[in-house]
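# Structure at a glance
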Amino acid sequence: MSEDQKYERCMVMAGGGFRFGYYLGMHAAAEDSGMAPDIILASCGGSLAAAIIHALPDAAQRKQWLASPEMYQFLCRMRAAPHVRALPVLGAALLRGLSRGRASRVPDVFDDYMFELPGALPLPAAARPQSPALAIVAAKLLFGREQAGQARGDRALFAEVLLGPDRACSLLQGWQAPASSPAWSCGAVAPGLLLDSAMPVADAVRSSITDMLYFACHQHGGEHYMGGVIDLFPIEIAHGLARHVTMEAKPPFGQALAIPALRKVLGIDGNARLKHVHAQHAHAWVDTSDISSALRGSGMRKRIDWLGNRIRLVMPPSLAEYANDVEAQWQYGYQRGMEAYASPGLRLRHATRFNRGRQ
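Each chain has its residues counted from 1, following the order in which its sequence is written. Selection of residues for local features in this predicted model requires a pLDDT of at least 70, selection of side-chain atom pairs for listing and counting requires 80 or more, and totals for whole chains, interfaces and linings are taken over all residues. With hydrogens and water excluded, all non-hydrogen atoms of the structure serve as input to the side-chain values.

To continue, consider the overall build of the protein. On a plain count of helices and strands, the protein comes out with 12 helices and 13 strands. For this measure, only C-alpha atoms enter the radius of gyration; the expected value for a globule follows 2.2 Å times N^0.38, where N is the number of residues. Relative to its length of 359 residues, the protein is compact, with a C-alpha radius of gyration of 19 Å against a globular reference of 21 Å. Projected onto its principal axes, the C-alpha positions of the protein cover 50 × 50 × 40 Å. To sort residues, take the accessible area from a 1.4 Å probe on protein chains only and compare it with the maximum for the residue type: under 20% means buried, over 50% means exposed, and anything in between is partly exposed. The buried share of the protein, reckoned over its 359 residues, is 54%. Residue contacts follow a heavy-atom distance rule, with two residues in contact if any of their heavy atoms lie within 4.5 Å. Expressed as a percentage of contacts within the protein between residues at least 6 apart in sequence, the contacts between residues at least 24 apart total 80%. Within the structure as shown, the protein displays about 14900 Å² of accessible surface, and the carbon and sulfur contribution to it stands at 54%. Charged side chains of the protein number 37 positive and 31 negative; the gap between the two group centres comes to 7 Å. Numbering of helices and strands starts at the N terminus; helices are DSSP runs of H or I of at least 4 residues and strands are runs of E of at least 2. For every accessible area listed, the method is Shrake-Rupley and the probe measures 1.4 Å; residues are considered covered only by the protein chains on display. Charge assignment: positive for Lys and Arg, negative for Asp and Glu; neither His nor the chain ends contribute. Charge placement uses NZ in Lys and CZ in Arg. For Asp and Glu, CG and CD serve respectively.

Set out below in C-alpha cells:
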C-alpha cells in the first residue's frame, strides 16, 4: 500500500503488566487533545486495554468496564500453577541471572510457567462503529512441545507476528521483524514479520499477554503463540502504519529478573532495544518511566509464602479498593498523556544509562 493509505494516528500501548488502566487514561488524553488514534498498536497487557477501547464508545464506559466486578473477579481467580513452588522458582531465576547464554536451548513455554489464567478474558463483546483499528503484537512458536530442552543451534525459535486488520497487514507486507535485529537479537527470532488478519481479538489479546515464564503459551488454529514481550516497543511498525505516532517512554528492564529471562528465552537484549527506541522520532512521547514509584502498591502484586513454599498473587481486598486502583492508574495515564501532547519531546523522569536515548 502507498503512503497515502496509512492511518493518520497510531498510539502504541507497550506492555503495562497488570496496571494497564493507565492506557485508558492515555487514550482519554489523546481524545481531549484532539489527537485520538485511528489505530492502536498494543503488546502484552496493553492489548487488553486496547481491546476495551476498541469495543466501547467513551472514556467513562471503558473505565467502568475495567473496574467492573467481572474484571475484578477474573483477576482474583488468577492463581499460581499447582506445580509451582517458590524456592525452585527463585533458584531458576538465580541461575538465569548467572548465565550469560542467549537462547541456547529450546525453552519449555508449554509447561514451565508460574500462573494460570482463569478461562475467557472478560472483554466487551464486539467492536463499536467508528472504533479505532486494533493491531496486536505477539510471538509465534516455531517449535513443538517435544523439542523443549533441545539445543537450539542457530535456528530461529520465534516469529514476531502482527495480529490486525487487512489494511494494517497490507501496509506491512514484506517487513523485517524489528525484534530480529542483530543489534539486540542472537538469531532466536526469525527475520520476517508475520501478518495475521484472521485471529479473533480475544485470541490475539490472550496470545499477547502470555508472558514467558508467567503464563503457558496460547494455542489457536493448531499453532502456539506467546507474549508481545517479543517487541514491547514496536516503534518501527507504528511508523509503518501511521503518519503520526504516540509512543510510550518506558523504564528500563530490571537487571535481576527481566533481562536474564529475555536473554534465556528470546535471546534479546531488552535494554539495548529500549535505548534504540528512545533514540527514534515520535510525534508525542508519553513518559511512564517513573511508573513503579508513581503507582507503587497499585494493582496485583506477587508475594512469597515462605512457610508454604508458594507464590501468591495479591489483589486489593475489595472491589471498591480495586476501583480506586483503576482510578489512580487512569489519572496517571491521563496526566502523562496531556503532558505529552502539550510538550511532545522525549524527557525521561527516570533516565538511566540503559534507557537514555536522545534527551
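What follows picks up the thread again.
A pair is scored as a salt bridge if a Lys or Arg side-chain nitrogen falls within 4 Å of a carboxyl oxygen belonging to Asp or Glu. Taken as a whole and judged by the stated rule, the model has 10 salt bridges. In this structure, Asp290 and Arg336 form a salt bridge, with 2.6 Å as the shortest nitrogen-oxygen distance. Here Asp290, found in the loop between strand 11 (284-287) and helix 11 (291-294), pairs with Arg336, found in helix 12 (residues 319-342); they are 46 residues apart in sequence, far enough to count as distant. One salt bridge connects Arg312 with Asp305, and the closest N-O pair in it is separated by 3.1 Å. Judged by relative accessible area, Arg312 falls into the partly exposed class, the value being 33%. A relative accessible area of 23% means that Asp305 is categorised as partly exposed.

So, on to the packing of helix 1 (residues 21-32) against helix 3 (residues 59-66). Axes are the key here: two packed helices are described by the angle between their axes and the distance separating the axes. Axes here refer to lines fitted to C-alpha atoms; in helices the fit is confined to the stretch in contact. Angles between the N-to-C directions go from 0 to 180 degrees. It is at 10 Å that the axes of helix 1 and helix 3 come closest, and there the two elements cross at 180 degrees. Considering the angle they form, helix 1 stands roughly antiparallel to helix 3. Mapping the contact onto sequence places Gly21, Leu24, His27, Ala28 and Glu31 in helix 1 and Ala59, Arg62, Lys63 and Leu66 in helix 3. Put simply, angles under 35 degrees are roughly parallel, angles over 145 are roughly antiparallel, angles from 65 to 115 are roughly perpendicular, and the rest are oblique.

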